[in-house]
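So the chains spell out like this:
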Amino acid sequence: MSNEPRDVIRGSTDAQTKTQEARMEGVDNRFNSKLREAFGSSPFILTKFDKFMNWVRGSSMFMLQFGIACCSIEMMHTYAVKHDLDRFGSGVPRASPRQADVMIVPGTIVTKFAPRMKRVYDQMPEPKFVVNMGSCAISGGPFQEGYNVIKGAEEVIPVDIHVPGCPPRPEALIYGVVKMQERIANGESSPVTVKPYELEQFSDLKQDELVDKLASQIDEDDLVMRYNWADSP
Amino acid sequence: MSSYEEQLDTAEGVDYDAIADLLGDRVVRRETHLNAEGFVVRPDQVAESLTLLREEAGFDHLSMVTAQDYEDRYETIYHLTKYADRTHEVSVVVPTDPENPVSESAASVYKTANWHEREAYDLVGVEYDGHPDLRRILLPETWQGHPLSSDYDQDKPQIVQFDEHKNPLEDDHRGADSDTMFLNIGPHHPATHGVLHLKTVLDGEQVADVDPDIGYLHRCEEQMCQQGTYRHQIMPYPDRWDYASAGLLNEWAYARVAEDLNDIEVPEYAQIIRTMSAEFCRIAAHLLAVGTFALDIYGDFTAIFMYAMRDREKVQNILEDLTGQRMMFNYFRLGGVVWDLPEPREEWFENIRDFLDDLPGTLEEYHDLITTNEIFQTRVIGTGVLDPEDAKQFGTTGPVARASGIDYDIRRDDPYGYYDELDWNVVTEEGGDNYARFLVRMQEVEESAKIISQCVDLLEDWPEDERNIQSNVPRTLKPDPDTEVYRAVEGAKGELGIYIRSDGTDKPGRFKIRSPCFCNLSALNAMSKGEYVPDLVATLGSLDVILGEVDR
Ligand code: SF4
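Being a predicted model, the structure only gives us computed values, none of them experimental.

## Some words on the site of the ligand
Not every one of the 16 residues close to the ligand is listed here, only the nearest: C70, C71, S135, C136 and C166 of chain A. More than a single chain frames the ligand: its nearby residues are located in chains A and B. Going through the elements one at a time, α4 (70–79) and α6 (134–139) of chain A are the ones with two or more residues in the shell around the ligand. Tallying contributions element by element places α6 of chain A first for the shell around the ligand, with 3 residues.

What follows is the structure, given as structure tokens:
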């Protein structure tokens, strides 16, 4: 293989004059947006600050780049060309939870991962929102009976929107996200419907056989998560 | 080839009597599995027997280690085969006492046994004497019980620790000016392709040691399959192992093993459809690998990632027309496929031809953007080198092994489907570095396209009244009790194998998955020691692991 660029990318270096021309003409018109027209001659509006903030919040969402399982492949397709979630003001994925306000949970959550997911969720600044993607995140999905599988993300963190499917199509995920933006704009949020598993200090757990057994392995002030399978839905 | 090896190889395959002679009185008993003879050896003579088989008989590939428990014993099976000839197989069966299940470890003979045995210990509870590092691999350290052993109670509560991944070097940190430091990468990190956690020890900027911590996506695939009936309930699960749209390749792994177990024939027409659709999956999976690899190497959502996604969409559209789903196809059935090609057929064939016609141009574009890119080349040539000896020791397969010059591809070496009737090549590269692995994948896309186009030709001319998509399969399948079989196919990432032991019911008694990603990932430490951190990330990207398949 040679290091020469091939013909395909040569010869395509024409100056792009079209945009320039477009901009040179009608320079003033560009600022006369529909919104401006709607306001008429006085460009002022009166609204409640909360309402305005909610609208702003819903219109510019930063997603957490968070891949778990198969659903994350469809999530990538939702971000990428063709579906392009960005069209709806739901931003580009951010790798750090500190910069994100929406977490899409795209996959099966297992015991080892749930404490870490909780921590990532805790690291996101308020206000934050969660979209559950796929049956696994909703209920454990096809793996619900597994010994190691959490029966849905809502067992760990509060969830605003559930998008069913295995995996949901990108269109479905977009619908879910847009629905959530709508709700945010209306100032709605969802309550937690199940009692979530919490990260606790080991010494705070109720003393029982299991705790006694692990006492030699785990430090008193270590954080742990205790799963009670019998209480799971 | 040693003289012994020649003597052992007969025209039909392995001469099992000669192997029995070779192992001598180490063999307690012989059993017959559908794929190979099993030699039962004493638990304290495992390493010896395996060394003999590797050195004298040429069995250099430990494909999988299966552990299971019976009423009266625990058992470990070592499935051996050869890189030079996949049809030569032998199983070494090691029964242990149920009260005290300890047998000798094989980690000193095959490096890949290290991880396999840790998994067996974790899930089934067999302990391995002389294992260098016997701790849980998939489940959390504090887990109680071994979930795939028969006395496990799933309703018992569990406690999982969330320590902050303490620095294991803290104690022997040599003063303030030491350069050694500990770095946690993952489990939530954009470069790990999912939920993988790398415990990395750095010496300055160089990697001194990396210990992949897996199990963040262990969703009990084996248990799920053991709870499903052969006929219909198992097939949906393979789609979710390697979920990079490689679903049909995985389904084929199950179809192949279950068809062998139950003696089911597949009509030729269905075989061609299978071959064609599976190769589409391979293209989609390799494109994802290429796209995310470029993403790892030069930054955020760059052009090449978008290009790869665009081309994957095309493949997914074709597969959606065929199967009705974009990713979780559930299209294969035992004895064939679920339905015929979509109508109007001509239009669908046309779509495929359009895709195939565009493909050379598209690949040209990829090569312009990546292969010949100087930045890319500096990052990948000569980094993450896996030499052939290590590649074999770690049981790597698929593009990873082929990039280290190992000419091993199950589609050709142990043919199934329609592959042996078609004209295509196995791609190998000599470099063994990140660049070679990337090149192998790119060329394999071309080969897959070749296969597809031949299949389309065949399907187009297939007489209308001979379009037999499924053979007759009984409604309930109940293979004879204690039939054992291990079969593999060439998945997107390498040798994807399944071991089934039947127990006389319509559900498998033991269902064990051999995941190529699991083995490939175990080589990461050897590949990235002494390299820089960014090279570690590049190496991980070029291994192309899918965590769903690593953890199962
Ligand atoms: S819902 Fe289905 S596609 Fe999504 S993570 Fe679960 S198994 Fe995978």
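From this point, the discussion proceeds with the structure in view.
## Section: helix α4 (residues 113–123) of chain B
Residue and element names in this part refer to chain B. Judged by how many residues are buried, α4 sits mostly within the fold: 10 of 11 residues are covered. Among all positions in α4, only A113, W115, H116, E117, R118, E119, A120, Y121, D122 and L123 are buried. With its phi angle positive at about 105 degrees, G125 sits one or two positions after the end of α4.

## A closer look at the domain arrangement of chain A
All names here are of chain A. Partitioning chain A into structural domains gives domain 1 (51–185) and domain 2 (200–231). Look at where the C-alpha atoms of domain 1 and domain 2 centre, and you get two points 29 Å apart. Taken residue by residue, the interface counts 11 residues in domain 1 and 4 residues in domain 2. Tallied by class, the residues present in the side of domain 1 that touches domain 2 amount to 6 nonpolar, 2 polar and 3 charged.

## Points about the nonpolar core
Ranked by internal contacts, the top residues of the largest apolar core, which has 214 residues, are M103, V105 and M117 of chain A together with Y78, Y243, Y254 and M276 of chain B. Here the element with the most residues in this core is helix α7 (residues 268–297) of chain B; it accounts for 17 residues. Counting residues in hydrophobic clusters, the runner-up holds 18 residues, among them M61, Y79, I174 and V177 of chain A.

## Overview of unusual backbone geometry
Following C166 of chain A, the chain continues into P167 of chain A via a peptide bond in cis, with omega recorded as -10 degrees. Inspection of the secondary structure assignment puts P167 of chain A in the loop between β5 (161–163) and α7 (170–185). The phi angle at D482 of chain B is positive, at roughly 60 degrees, despite the residue not being glycine. Along the chain, the position of D482 of chain B falls in the loop between α14 (434–460) and β16 (484–490). Relative accessible area serves as the criterion here: at 48%, D482 of chain B is assigned to the partly exposed category.

## Here's the deal with the sheet that holds strand β11 (residues 180–185) of chain B
All names here are of chain B. Read across the open sheet, the 3 strands follow the order β11-β12-β13; overall the sheet is antiparallel. If you trace the sheet from one side to the other, it starts and ends with β11 and β13 (206–213), each paired once. Mean inter-strand twist for the sheet, computed between neighbouring axes without regard to direction, equals 20 degrees. Helix α17 (residues 533–543) contacts β11, β12 (197–203) and β13 of the sheet and is inclined by roughly 150 degrees relative to β12.

## Quick word on the packing of aromatic side chains
All chains considered together, the criterion is met by 24 aromatic pairs over all chains. Taking 5.0 Å as the distance between ring centres and 80 degrees as the angle between the ring planes, the aromatic pair formed by Y197 of chain A and Y227 of chain A counts as edge-to-face. Of the two residues, Y197 of chain A is situated in the loop between α7 and β6 (199–201) and Y227 of chain A in strand β7 (residues 223–227); the sequence distance between them amounts to 30 residues. With relative accessibility at 10%, the residue Y197 of chain A sits in the buried group. For the ring pair F293 of chain B and F376 of chain B, a centre distance of 5.8 Å and an interplane angle of 80 degrees mean the geometry is edge-to-face. Taken together, the residues span a long stretch of sequence, with F293 of chain B in helix α7 and F376 of chain B in helix α10 (residues 374–380) at a distance of 83 residues. By the burial criterion, F293 of chain B is buried, and F376 of chain B matches it. Joined through ring pairs, the aromatic side chains of W252, Y331, F332, Y416, Y419 and W424 of chain B make up one cluster. Above the ring of Y110 of chain B, the side-chain terminus of R54 of chain B is found at 6.0 Å from the ring centroid.

## Focus on the interface of chain A and chain B
Accessible area lost when the parts come together is the quantity often used to give the size of an interface. Contacts between the two partners involve 64 residues from chain A, matched on the other side by 68 residues from chain B. When the area that chain A buries against chain B is broken down by residue, the three leading residues are K112, R116 and Y147 of chain A, summing to 15%. Taken together, the links from chain A to chain B amount to 4 salt bridges. Where E313 of chain B meets K82 of chain A, a salt bridge forms, and the shortest distance between an N and an O atom there is 3.4 Å. Remark: the boundary between chain A and chain B carries 21 residue pairs in polar contact (both at pLDDT 80 or more). Listed by contribution, the elements that provide at least two residues to the side of chain A that touches chain B are α4, α5 (114–123), α8 (209–214) and β7 of chain A. Looking at the side of chain A that touches chain B element by element, the count peaks at 6 residues for α4 of chain A. Across the side of chain A that touches chain B, the residue classes tally to 41 nonpolar, 12 polar and 11 charged. Examined bridge by bridge, β7 of chain A and strand β10 (residues 158–162) of chain B share 5 bridges and lie antiparallel to one another. Among the inter-strand pairings, R226 of chain A is bridged to a residue of β10 of chain B, identified as I159 of chain B.

Basis of the calculations
Residues numbered from 1 in each chain as written. Chains lettered and ligands numbered in written order. Predicted model: local features only at pLDDT ≥ 70, side-chain atom pairs only at ≥ 80, totals over all residues. Heavy atoms only, no water. Near = heavy atom within 4 Å. Helix = DSSP H or I, 4+ residues; strand = E, 2+ residues; numbered from the N terminus. Buried < 20%, exposed > 50% of the residue type's maximum accessible area, 1.4 Å probe, protein only. Domains from an automatic or database assignment. Contact = heavy atoms within 4.5 Å. Nonpolar A, V, L, I, M, F, W, Y, C, P; charged D, E, K, R; others polar. Core = buried A, V, L, I, M, F, W, Y, C linked by side-chain atoms within 4.5 Å. Pairing = 2+ DSSP bridges. Axes fitted to C-alpha atoms, helices over the stretch in contact; angles between N-to-C directions. Phe/Tyr/Trp six-rings, centres within 6.5 Å; stacked < 30°, edge-to-face > 60°. Lys NZ or Arg CZ within 6 Å of the ring centre and 35° of its normal. Buried area = accessible area lost by both parts, 1.4 Å probe. Salt bridge = Lys/Arg side-chain N within 4 Å of Asp/Glu carboxyl O. Polar contact = N/O pair within 3.5 Å; in protein donor to acceptor, adjacent residues only side chain to side chain.

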